[in-house]
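Architecture and fold: a report
Listed below, chain by chain, are the residues.
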Amino acid sequence: QVQLVESGGGSVQAGGSLRLSCVVFGYTYTTYSMGWFRQPPGAEREGVAAIDSDGRTSYVDSVKGRFTISQDNAKNTLYLQMNSLKPEDTAVYYCAAALTIELAAPRFVQYWGQGTQVTVSS
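1. Points about the overall build of the protein chain
When helices and strands are counted, the protein chain shows zero helices and 11 strands. Order of helices (α) and strands (β) in the protein chain, N terminus to C terminus: β-β-β-β-β-β-β-β-β-β-β. Taking 2.2 N^0.38 as the reference for a compact globule, 122 residues should give roughly 14 Å; the C-alpha atoms of the protein chain span a radius of gyration of 13 Å, in line with that estimate. In terms of principal-axis extent, the alpha carbons of the protein chain reach across some 40 × 25 × 25 Å. For the protein chain, the proportion of its 122 residues judged to be buried stands at 44%. For the protein chain, long-range pairs separated by at least 24 residues make up 59% of all intrachain contacts whose partners lie at least 6 apart in sequence. Taken as a whole, the protein chain presents about 6,200 Å² of accessible surface, with 46% of it coming from carbon and sulfur. Side chains of the protein chain give 9 positive and 10 negative charges; the mean places of these two sets differ by 3 Å.

2. So, the nonpolar core
Counting 26 residues, the largest nonpolar core has Trp-36, Leu-80, Met-82 and Tyr-93 as the members making the most contacts within it. Counting residues per element, the ones that place at least two in this core are strand 3 (18–25), strand 4 (33–39), strand 5 (46–51), strand 7 (67–72), strand 8 (77–82), strand 9 (91–98) and strand 11 (116–121). Membership of the second largest hydrophobic core comes to seven residues, among which are Phe-37, Ala-50, Ala-96 and Leu-103.

3. So, the packing of aromatic side chains
This model, assessed by the stated rule, comprises two aromatic pairs. Centroid distance Phe-37 to Trp-112: 5.2 Å. Interplanar angle 75 degrees. Geometry classified as edge-to-face. Linking Phe-37 in strand 4 with Trp-112 in strand 10 (residues 111–112), this pair joins segments that are 75 residues apart in sequence. Overall, Phe-37 belongs to the buried group, its relative accessible area being 0%. The interplanar angle of 80 degrees and the centroid separation of 6.1 Å between the aromatic rings of Tyr-94 and Trp-112 together place this pair among those described as edge-to-face. Note that Tyr-94 is positioned in strand 9 and Trp-112 in strand 10, a separation of 18 residues in sequence.

4. Some details on the pattern of salt bridges
Counted according to the given criterion, the structure contains four salt bridges. A salt bridge links Glu-46 to Arg-38; its shortest N-O distance comes to 2.9 Å. Judged by its relative accessible area of 32%, Glu-46 falls in the partly exposed class. Of the charged contacts in the structure, one is a salt bridge between Arg-66 and Asp-89, with a shortest N-O distance of 2.7 Å. In this pair, Arg-66 is assigned in the loop between strand 6 (57–59) and strand 7 and Asp-89 in the loop between strand 8 and strand 9, connecting sequence segments 23 residues apart. What makes Asp-89 buried here is its relative accessible area of 1%.

The rules behind these values
Residues numbered from 1 in each chain as written. Predicted model: local features only at pLDDT ≥ 70, side-chain atom pairs only at ≥ 80, totals over all residues. Heavy atoms only, no water. Helix = DSSP H or I, 4+ residues; strand = E, 2+ residues; numbered from the N terminus. Rg over C-alpha atoms; globule rule 2.2 N^0.38 Å. Buried < 20%, exposed > 50% of the residue type's maximum accessible area, 1.4 Å probe, protein only. Contact = heavy atoms within 4.5 Å. Areas by Shrake-Rupley, 256 points an atom, 1.4 Å probe, with all protein chains shown as cover. Lys, Arg positive; Asp, Glu negative; His and termini not counted. Charge placed at Lys NZ, Arg CZ, Asp CG, Glu CD. Core = buried A, V, L, I, M, F, W, Y, C linked by side-chain atoms within 4.5 Å. Phe/Tyr/Trp six-rings, centres within 6.5 Å; stacked < 30°, edge-to-face > 60°. Salt bridge = Lys/Arg side-chain N within 4 Å of Asp/Glu carboxyl O.

Laid out in structure tokens, this is it:
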């Protein structure tokens, strides 16, 4: 039914920027919450940022002031603008969709993207 297709990952030096995109196929998510999660090597998947149906955003403390989540409802596209990247941001990043998103509870995500690798070198 629903597919999330991510793009925008890559390798950058510390201090650089990347913008991740996630196109949602199969529905219009005007009433859904969307988010980004990431999984560093050898670690558990963790929440990064989320935006709900009212446009309210939330971020994990480690990315506040550096990352910005946004969405274009007309294009069914979610974005994550990542600035001032640090080596600890290195992870596979996943787009996520659900009726609600809880950054601390990735197990409740209904739909996942395939993941895109972000590598930040020092």
